[in-house]
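Here's the letter readout for the chains.
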Protein chains: 2
Amino acid sequence: MPATAIAQPAHAPRFVYAFGGPRTDGDATMRNLLGGKGANLAEMARLGLPVPPGFTLTTEVCTAFYAGNRAYPDGLQDEVAAALAALESAMGARFGDAANPLLVSVRSGARASMPGMMDTVLNLGLTDATAEGLAQRSGDARFAWDSYRRFIQMYGNVVMGVPHHAFEDILDGYKRHARISQDTAITAQAWQDIIRDYKDLVQREAGRPFPQDPHEQLWGAIGAVFDSWMTPRAVTYRRLHDIPAAWGTAVNVQAMVFGNMGDDSATGVAFTRDPSTGENVFYGEYLINAQGEDVVAGIRTPEPIDAMGETLPEVYAQLCVVREQLERHFRDVQDLEFTVQQGRLFLLQTRTGKRSARAAVRIAVDMAGEGLITREEAVLRVDPASLDQLLHPTLDPAAPRDVVTRGLPASPGAACGAIVFTSEAAQDRHAEGLDVILCRQETSPEDIHGMHAAVGIVTARGGMTSHAAVVARGMGKPCVAGAGALHIDYAQRSITVGPRTLREGDTITIDGSTGEIFAGAIPTVQPDLSESFRTLMSWGDAARRLAVRTNAETPEDVQTARDFGAQGIGLARTEHMFFDPERIQAVREMIFAESAQGRADALGRLLPAQRTDFVAIFSIMEGLPVTIRLLDPPLHEFLPHAPDDIAAFAAAVHLPEETVHKRLAALHEANPMLGHRGCRLGITCPEIYEMQVRAVLEAALEVPGTQPEIMIPLISSRAEMEHMRALVERVAEAVFTEKRKRIEFLIGTMIELPRAALRAGEVAEGAEFFSFGTNDLTQTTFGMSRDDAASFLPAYMEGNLLERDPFASLDVDGVGELVRLAAERGRSTRPGLKLGICGEHGGDPATIAFCEAVGLDYVSCSPYRVPIARLAAAQAALRAEQHKRG
Amino acid sequence: MPATAIAQPAHAPRFVYAFGGPRTDGDATMRNLLGGKGANLAEMARLGLPVPPGFTLTTEVCTAFYAGNRAYPDGLQDEVAAALAALESAMGARFGDAANPLLVSVRSGARASMPGMMDTVLNLGLTDATAEGLAQRSGDARFAWDSYRRFIQMYGNVVMGVPHHAFEDILDGYKRHARISQDTAITAQAWQDIIRDYKDLVQREAGRPFPQDPHEQLWGAIGAVFDSWMTPRAVTYRRLHDIPAAWGTAVNVQAMVFGNMGDDSATGVAFTRDPSTGENVFYGEYLINAQGEDVVAGIRTPEPIDAMGETLPEVYAQLCVVREQLERHFRDVQDLEFTVQQGRLFLLQTRTGKRSARAAVRIAVDMAGEGLITREEAVLRVDPASLDQLLHPTLDPAAPRDVVTRGLPASPGAACGAIVFTSEAAQDRHAEGLDVILCRQETSPEDIHGMHAAVGIVTARGGMTSHAAVVARGMGKPCVAGAGALHIDYAQRSITVGPRTLREGDTITIDGSTGEIFAGAIPTVQPDLSESFRTLMSWGDAARRLAVRTNAETPEDVQTARDFGAQGIGLARTEHMFFDPERIQAVREMIFAESAQGRADALGRLLPAQRTDFVAIFSIMEGLPVTIRLLDPPLHEFLPHAPDDIAAFAAAVHLPEETVHKRLAALHEANPMLGHRGCRLGITCPEIYEMQVRAVLEAALEVPGTQPEIMIPLISSRAEMEHMRALVERVAEAVFTEKRKRIEFLIGTMIELPRAALRAGEVAEGAEFFSFGTNDLTQTTFGMSRDDAASFLPAYMEGNLLERDPFASLDVDGVGELVRLAAERGRSTRPGLKLGICGEHGGDPATIAFCEAVGLDYVSCSPYRVPIARLAAAQAALRAEQHKRG
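Residues numbered from 1 in each chain as written. Chains lettered and ligands numbered in written order. Predicted model: local features only at pLDDT ≥ 70, side-chain atom pairs only at ≥ 80, totals over all residues. Heavy atoms only, no water.

A. A look at the packing of helix H6 (residues 164-178) of chain B against helix H7 (residues 188-206) of chain B. All names here are of chain B. For the pair H6 and H7, the least separation of the axes is 10 Å and the interaxial angle reads 145°. In this structure, H6 crosses over H7, and the sense of that crossing is right-handed. Counted together, Ala166, Phe167, Ile170, Leu171 and Tyr174 of H6 and Ala190, Trp191, Ile194, Asp197, Tyr198, Leu201 and Val202 of H7 form the full contact between these two elements. Of the residues contributing to the contact of H6 with H7, the split by class is 11 nonpolar, no polar and one charged. (Axes fitted to C-alpha atoms, helices over the stretch in contact; angles between N-to-C directions. Helix = DSSP H or I, 4+ residues; strand = E, 2+ residues; numbered from the N terminus. Left-handed = near helix turned anticlockwise from the far one by under 90°. Contact = heavy atoms within 4.5 Å. Nonpolar A, V, L, I, M, F, W, Y, C, P; charged D, E, K, R; others polar.)

The following block contains the structure:
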């Protein structure tokens, strides 16, 4: 058998794996070695599905290529030659054989999907001679020369570096000259003229002729795929998606099949279920008489897949069987690519289908219902972060709306912003704090930054699987794609839709779930969560160990969080309550008080207000634990700073402006983050904390069953903790005596300074709970101010000097060690110490997995992240369980 | 024997220890239990020295007193009664016996000396009846009534709370009325009249009569001593001197002897060597016909001790023998108090003599020479911090000077400042940044804060052992005491000296080594260190393990440090070199450069300047290692901020002021300490670091034998370290290639962020040395800005919430754990990792002991602290050795 010709020593790494021919070497488990595409092609071949034969150069070749300063490892050439010989034998065609040429595609395929990032070359093997042979053999000269010109264009661009537009200019020039608009109107002879011009262009731009040796073509394409692994845009994509460069990419060389060999030929992509809604329907698009990349690129708008039932009924029936088979085999939704060549179906790729959050939830729950997967697997199937998409408000159905046009509902959710036309403008306006909607003919990988900066994306061309649609779903941003009625004029910076003109900066609203585009801003409403969502969350809650609380203090936020399933409040920031316009005056008078009496008077006015706040919170939480942090920010945060405000305040309190300025100057701090705040205020101005403790406990006495937890911020030592504990207990005793009623409550602290973490064993002597304030702990552990990091963090991310933004996802190695240490030391002093996290990290799935591992009792996050935290905590518990079982 | 009457159960604590009579229970080793005074009285009694008998109530009584809410422990009354009976028996006199009354002194005596802090009562046992008896028995009625009135005055004030001045008013009124100026002119009868007025005063002020029962008097005095342990000024003193409250004080009850029984009586204090110079001469003062406290209080100016050789030759000879005996026995200089009662010598106290730093050095070296102590002991005898006094500049001998007057050279060193008359004014002016000299008639414990705030102290009255002199020596501040020519008028805020008048705010200069006071400011010069100093330092260096480097970058400072024995530079801050007026313009232009070329031009102008700096440093250090830290502060520190400066700069660089303001605003940071600085600058603006590395290496190539160590600031991760290391190596390679010459150099980092300490194992992969930047590490570990801490640190110190200022002495528990951890982790990666400390803590003896324990290689401190660090490091090594030997 030819495949045995791939001879090699027993111990050397094997670089080439065959699939789809007489022999298939790999399978789906070999993803790390063969890449996703290569592993799944092998798996499909093993399943007996019609896969054009080919072979895969492993990811280890890529790694060796970069390790060896872009030289291939020894033995690769021989292995490729042997695999190629086997492929020729399987196809009954030969590379460079003018009579019966073997044509191949060369595609990248990394371990993780990187859509649109890596380069592909089709029709490789065509030369002046073999194109002529293909024309004769296929009996379709136009097809043969069109294929050759596509190859020159693709290869010339990808391998030889000739700009894409230079080819397009030649083609457009020809069409203008011939007064035709469609490529399909170009004759075989005309394609030959164009090919001559293309080859001249290549010679001119690349300084060498277009290669006429298929082997040279093949090695050129292989090299280009490996090179594409390190292009800036691939590097950026990997950084954004946490993909290590060391993974490398595989290269798949596969016999060509043609979807553009007439009306019994087609090419398409399909999902085994609807990736947008999750509905169990076959979902996809195809184009008759087109080559593979035409669908994905979104250049022609394709037909829905079920239309194939009429145009190519036999192939469609076969495809439906394949759909069933793949889902049963892979136990998940598959995203497949196929080509029909003259009535014969070929599968070119299958992979796990990307899906919207809504679809992910429904598919997981449905598949568990169908018995395809377990409930635990269902819980693990949904990316917690993606729930964000389900939780954001949608358009208020009652609000008046002015529909401009409708496109494809490419990525769910609603967004409202100013029109921009370029990624640069998107970034600039975003940096200025403006919400923008990026409007493009179609998007390309160059637009990723702009899409990140935008709150929503609109394209005039392309389908549900176009670049814009796939990327927007991945980002969880609303997207309306293929809105063909839009005429976008980049030069004039305007969009015309029928008689209407929209200009850059105009506000529009889009609904990515319906595909509608509206003029102006439309109010939004709370999402109505699906039954599937509730089912999945209940399965997750059953598996979860960590409690989930929320960081909230306004009644609205507290109610939202409870509705989302929060099991308590982990952080109520009392200072937020001070900014109420009616209260800030009293706060300021307190700061300016000359005497203890003056301060007491001002605080006396704040007491009932704070008590009312707490009564409201306790009432909503109905006996769930509520952690209240005493005043944390430095006092100067409460003072007016603008000249007008200072003057107004001075007048209101009958003080000379000069006095206000002096006090402001006295309170000014060089580094407020490290300044006179937190318990330092409680130590220097105990009256403030006394008032707050009184307000908390008086409110708790009013709402039966309340479990208040009083939290002291910024503790760094046992002495501080004891001092503050004594203050709280003193006030509590006074309140309980006055009211002749006692309640249980806890006194604890935030662990937000490295010293507090290190001395946690001592601090726990005075604290019944620790709440990790990981925002400040990250700032102090890194010595990095969150407010100032914008000037250098981008350079860090760019240069791979930080894996992740440590303010978004906990730095497990550094900050995490302090958390782990504090948990251990605290519990060694006080075994029942309650431990939670209340930094923004509390809603980050990776951080939650860490919290599970460290054995915290709860995480606390903003209301909208509560469901995300619930699911992430469930997954963390399940994974820990799996890990324990081995 | 009477002493056996102190019966008690075997296991009960014993509260009372007798001394000096037929039986002595304690000895010098029992200092913790008996206090310093009690233990040494017992020891002297054991040595056979003439100690008036008495007994000591232990410090445990004090502890029990406060633990029991000011109630005495059970059994104390009986033990005191028994001890008193034994004392009566020993003295052949009885408490309250009109014919032959026993009189006692009641004095506090804590474990650590607290000069002037605690209360004393003399002549206790005198009543109307016993005073009469004393008059008859002594045959000196004037003496007896004078003693009684002294007792009423002391007891009335200390025990009964009658203000001291109220007694003084009565006495002054009498003297005015009688037209006499000296107390000695007051007759026995007159004293009786005054006593009557005193007793009326007591009745009026205290609401009860002066007690006529000696036992009541005794318990009142004992209670007053214990009470005095918790007075605010005692609490303050203990806080300033790190004395725990739990130590408690003992109470010594001792039979009275009288130095005021005529011209064959005297009282005095003496040092076995000169406590100011250390010279081996008997040194002290005495007053004929005076009672004990008269000398210490500094009210009369006493005679030098050797004058006693003429006035009381026999006693003097006896005293000289005692001097020898005490020094031999205690192996250290003793500070003793004695009284001569009618020709008979009594020793009332001996204790280790406080001494100036200069004296401490000389005494240690001399005693080692005399064979009294070993060289190691000599090294351990000198408090390293005290060397500060030896190292500060003295008056320039060549400078013109205008001597105002001369007092006693009470505490060495020179100081120059504005005259203030009150401690409050001293504190206020000091807070405003002014150097002040506190000028007082005499000082009292109430003045301690003012003395702390002043740079020097002047008193018009009092001797070398007056309060001002003792305290000033302890603080290491220059002091001129007893400058009797000064007439200080507090009301007019002026000093007159002969025809000259000085007013508050006028500048004077004092020389505490000569006692001179000068008008105006006089320039100072480097101290000339004594031979003893050099000897001691050489002994220390022989014992020392830690190297001592300096933090310096100007040639002057570098030279000073080398002269003081620095073994290298631990921290040369390159940014200090940027502030030179000729360079700051180039630095600013670099910051404002629009193009890479503009930035390169500005940096190109800085390069030769920096190179010249480094050549100078390397030349002075002659091959000793020099650690150069690359640019650390955020760029905005180099920009003009005052409106005038901004305008001037804008004009100089031909930019609109608006542009400068915009750039300033763009560079503004909320928390510069945690901002865009350190290696973050090196990452975002590599050109700056490239220039600096080039300057360092080009300079190193110019100075043969140089060992440069390039230090990267603010590293928090391995990735940063590797990135920076690559930059340094790239520039080095370029320089070495250009210059065709290579040198060895090290690349390392500051460990100044908690994360760097935690990840030290990884960071050490790219770092050949760590230098602990404990200033910033303290700021980040505590989350406490040094610049802002002044608003709350005092409250912390006041409330005992911090043991020590963590910016002065390393917080061993918190920051220290990070240092220890980083040292361990770094060395586990790189066993030869060089470790040092370059924060301000590097010159703090307690921190140096910690550095020795952690096994650092060197400490680095400011030039003037180098000798302190050398001695502290030697002591740390010796103590570690002692500890190892058990």
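B. Structural context of the sheet that holds strand S2 (residues 54-57) of chain A. Residues and elements named next belong to chain A. Here five strands make up an open sheet; going across it, the order is S1-S2-S5-S3-S4 and the pairing antiparallel. This sheet does not close on itself; its edge strands, each paired only once, are strand S1 (16-19) and strand S4 (120-124). Between one strand axis and the next, the sheet turns by 20° as a mean value, whatever way the strands run. Taken together, the four bridges between S1 and S2 define a ladder with antiparallel strand orientation. Bridge pairing in S2 places alanine 18 opposite phenylalanine 55. Contacts from helix H1 (residues 31-46) reach S1, S2, strand S3 (104-110) and strand S5 (249-255), with the element oriented near 125° to S3. Sheet strands touched by helix H3 (residues 76-91): S1, S2, S3 and S5. Its angle to S2, the strand with the most contacts, is close to 165°. (Pairing = 2+ DSSP bridges.)

C. Summary view of the relation of the copies chain B and chain A. The two copies are related by a screw operation: chain B maps onto chain A through 179° of rotation and 0.1 Å of translation along the axis, at an RMSD of 0.3 Å. Here the symmetry operator amounts to a two-fold rotation axis. Mapped onto chain A, 100% of the interface residues of chain B are again interface residues, and the two copies thus contact each other with one and the same surface. (Least-squares fit on C-alpha atoms with pLDDT ≥ 70 in both.)

D. Layout of helix H3 (residues 76-91) of chain B. Residue and element names in this part refer to chain B. Across its 16 residues, H3 extends 22 Å between first and last C-alpha, which sits within 8% of the 22 Å expected from 1.5 Å per residue. On its buried face, H3 sits against strand S1 (16-19), strand S2 (54-57), helix H2 (59-67), strand S3 (104-110), helix H8 (214-228) and strand S5 (249-255). Immediately downstream of H3, the backbone of glycine 92 shows phi near 65°, a positive value. (Expected span 1.5 Å × (residues − 1).)

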